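A look at the structure
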Amino acid sequence: MKIHENIIIEKQEKVIQNIFCNICGEKIHKNELGYYDDFLSIEKRWGYHSQFDDETHCIDVCQLCYKILLDNMKLKPECDN
Ligand SMILES: [Zn+2]
């Protein structure tokens, strides 16, 4: 027979404290409702024998830097509109 009791277990979780743009280094702000301004977030795990052999890169880009990036692309990304 097992006798159970309720205990409080403290659990640590990783939460996002701040987000910074990898290009300009500026903080991505939250609005008055607590939501971050929209930004580009990329996570890429590079394959074996690539230039970044098995590395994972996580990149966040603010809207202003994304616009500059977009303006400098010779071929614009395809959009659905
Ligand atoms: Zn930026």
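Residues numbered from 1 in each chain as written. Predicted model: local features only at pLDDT ≥ 70, side-chain atom pairs only at ≥ 80, totals over all residues.

Considering the pairing of strand S1 (residues 40–45)
- With zero of six residues buried, S1 lies mostly on the surface of the structure.
- Two strands pair when backbone bridges link them, and S1 and strand S2 (residues 56–61) are joined in this way by six bridges, in the antiparallel orientation. Paired with serine 41 across the strands is aspartate 60, a residue of S2. (Buried ≥ 20, exposed ≤ 12 C-beta atoms within 10 Å, placed from the backbone. Helix = DSSP H or I, 4+ residues; strand = E, 2+ residues; numbered from the N terminus. Pairing = 2+ DSSP bridges.)

Some points on unusual backbone geometry
- Even without a glycine there, the phi angle at histidine 49 is positive, about 70°.
- A tally of 7 C-beta atoms within 10 Å means that histidine 49 is categorised as exposed.
- Even without glycine at this site, aspartate 54 takes up a positive phi of about 65°.
- Within the element layout of this structure, aspartate 54 appears in the loop between S1 and S2.
- Using a count of 10 C-beta atoms within 10 Å as the deciding quantity, one classes aspartate 54 as exposed.

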